[in-house]
Amino acid sequence: MAEEGEEGGPKYIFITENGETKTTSRGYTSKALAQYPNGDTYEGYFVEGIREGRGIYRYASNGEKYDGEWIKNQKHGIGKMTYAKAGEYNGFWENGRRHGEGVFTYSNGDVYSGWWKFGEKEGTGTYTFKSTGMKLFGDWTQGSITKGKWIYPNGMFYEGGFENNKPKGEGKWVFKNGNVLAGEYEQKAKVAGEGEEEEPAEEGDEGATKKPKFTLEWHSNTNIADAAHKVNSVEQ
């Protein structure tokens, strides 16, 4: 944040570890409290006047808070970000973005635990739905699962390809008794207003984003009617 306030408006206030009040952080190295013209505050360590080391940054406009490590004024290292609406992220950061291993606990109780790249889910991870106990486990790219398993609490699971965080293309269902049902999933755009609990919006660099909704249609490669009916009747 800029250190100078508009003329006649709020000013930048810098309070050193020994209680001295300044109007700039330039050249300062140690712990201090910075109060920015927009109401934000940072309490933590500085090196040569910039945020570096451990510190807490509070955002006045929305109540969000970051508590963790900094390098060159950027969130970098291990830290916890508490978002205004989406939930909280606890894990690794790089250049101000979620990057590396971390856990995002959403406001509705859902949890993603795994790897991130430049602010989005990327690599191996598990998304757990609190309301159903179901899990998505596998490989993620740019925030969405692309290959893996859709696991039910009773042990039954689907394994195959994914798109839009839903099964798509060739895959198989594996049942508790060991039976395997191979087939293919087709996605169809969901009509607006159809009743379904939405996945929580996730806070990105430019605010919360929502993903499109789809219905699923399973096409079996076999004639196991009972199993096919079971797959098509499960809650999706």
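These figures come from a predicted structure and were not determined experimentally.

Definitions and cut-offs
- Counting starts from 1 at the beginning of each chain's written sequence and moves along it residue by residue.
- The predicted nature of this model means local features are confined to residues of pLDDT at least 70 and side-chain atom pairs, given and counted, to a pLDDT of 80 or more, with totals for whole chains, interfaces and linings taken over all residues.
- Where side-chain values are given, they derive from all heavy atoms of the structure, hydrogens and water being excluded.
- The numbering of helices and of strands both runs from the N terminus, where a helix is a DSSP run of H or I of at least 4 residues and a strand a run of E of at least 2.
- Accessible area is worked out with a 1.4 Å probe on protein chains only. A residue is then buried under 20% of its type maximum, exposed over 50%, and partly exposed in between.
- Throughout, the Shrake-Rupley method with a 1.4 Å probe supplies accessible areas, and for residues the shown protein chains are the sole cover considered.
- Each polar contact in these results corresponds to two N or O atoms within 3.5 Å; when the atoms are within protein, one needs to be able to donate a hydrogen and the other to accept it, and residues that are neighboring in sequence are counted only if both atoms are side-chain atoms.
- Only centres within 6.5 Å qualify two rings of Phe, Tyr or Trp (six-membered ring in Trp) as a pair; their planes then separate them into stacked at under 30 degrees, edge-to-face at over 60, and tilted for everything else.
- Any two strands with at least two DSSP bridges between them are considered paired.
- In the sections that follow, a salt bridge refers to a side-chain nitrogen of Lys or Arg positioned within 4 Å of a carboxyl oxygen of Asp or Glu.
- Note on contacts: a residue pair qualifies if any of its non-hydrogen atoms lie within 4.5 Å across the two residues.
- A score from 0 to 100, pLDDT tells how confident the predictor is in each residue.

Undergrad: Help me understand the overall build of the protein chain in this model?
TA: Across its full length, the protein chain holds 1 helix and 19 strands. Within the span of the protein chain, comprising 236 residues, buried residues form 36% of the whole. Summed over its atoms, the accessible surface of the protein chain is roughly 13,200 Å², and 48% of this surface lies on carbon and sulfur atoms.

Undergrad: Before we go on, may I ask you to explain the side chain of R98 in this structure?
TA: Following the sequence through the fold, R98 ends up in strand β9 (residues 97-106). Take R98: its relative accessible area is 3%, and that puts it in the buried class. A distance of 2.7 Å separates the side chain of R98 from the side chain of Y83, its partner in a polar contact.

Undergrad: Looking at this structure, I do not really get the packing of aromatic side chains. What am I missing?
TA: Where two aromatic rings form a pair, the distance of their centres and the angle of their planes describe that pair. A full pass over the atoms with the stated rule returns 29 aromatic pairs. Seen from their ring centres, Y12 and F14 are 6.4 Å apart, and the 15° between their planes marks the pair as stacked. In this pair, the class of Y12 matches that of F14, namely buried. Ring geometry for Y57 versus W70: centroids 6.0 Å apart, planes at 40°, classification tilted. Here W70 lies in strand β6 (residues 65-71) and Y57 lies in strand β5 (residues 50-58), a separation of 13 residues in the sequence.

Undergrad: What should I look at first to understand the pairing of strand β7 (residues 74-82) in this one?
TA: Consecutive side chains of a regular strand alternate in pointing toward one face of the sheet and then the other. When β6 meets β7, the two strands line up antiparallel, connected through 6 bridges. Within β7, the residue paired with Y66 across the bridge is M81. Direction of pairing for β7 relative to strand β8 (residues 87-94): antiparallel, over a ladder of 6 bridges. Its bridge partner being in β8, I78 is matched across the sheet by F92. Taking the residues between adjacent antiparallel strands as the criterion, β7 and β8 are bridged by 4 residues.

Undergrad: I would appreciate a short explanation of the pattern of salt bridges in the present structure.
TA: For side chains bearing opposite charge, pairing can occur when the charged atoms are close. One pass over the structure, following the stated rule, counts 4 salt bridges. Between R54 and D67 there is a salt bridge, with its nearest N and O atoms 3.3 Å apart. Placement of the pair is R54 in strand β5 and D67 in strand β6, with a sequence separation of 13 residues. The exposure class of D67 is partly exposed, given its relative accessible area of 23%. Where K188 meets E217, a salt bridge forms, and the shortest distance between an N and an O atom there is 3.1 Å. Of this pair, K188 sits in strand β16 (residues 180-189) while E217 sits in strand β19 (residues 214-220), and the two are 29 residues apart along the sequence. By relative accessible area, K188 is classed as partly exposed at 38%. Assessed through its relative accessible area of 29%, E217 is described here as partly exposed.

Undergrad: Explanation requested: unusual backbone geometry in the structure shown.
TA: Across residues other than glycine, the phi torsion is negative in most instances, and most of the peptide bonds are trans. If you check the backbone angles, K72 has positive phi at about 50° while not being a glycine. Inspection of the secondary structure assignment puts K72 in the loop between β6 and β7.

Undergrad: How do you make sense of the environment of A189 when you look at a structure like this?
TA: Here A189 shows up in strand β16. Leave out the neighbours within four places in its chain, and A189 touches K213 and F214.

Undergrad: I tried to follow the confidence of the model for the protein chain on my own but got confused; where do I start?
TA: Scored by pLDDT, the protein chain has a mean of 87; 81% of the residues are at 70 or more. Scored below 50 in pLDDT, residues 205-209 shows 7 contacts in the model against residues more than four places distant or in partner chains.

Undergrad: Teacher, can you tell me more about the environment of G119 here?
TA: One can find G119 in the loop between β10 (111-117) and β11 (120-128). Taking the C-alpha atoms as reference points, G119 and G100, separated by 19 residues in sequence, lie 9.3 Å from one another.

Undergrad: Please explain the pairing of strand β3 (residues 30-35) as it appears in this structure.
TA: When strand β1 (residues 13-16) meets β3, the two strands line up antiparallel, connected through 4 bridges. Bridge assignment links I13 to a residue of β3, and that residue is Q35. Here β3 folds back onto strand β4 (residues 41-47), and the loop between the two strands holds 5 residues, one of which, G39, carries a positive phi near 100°.

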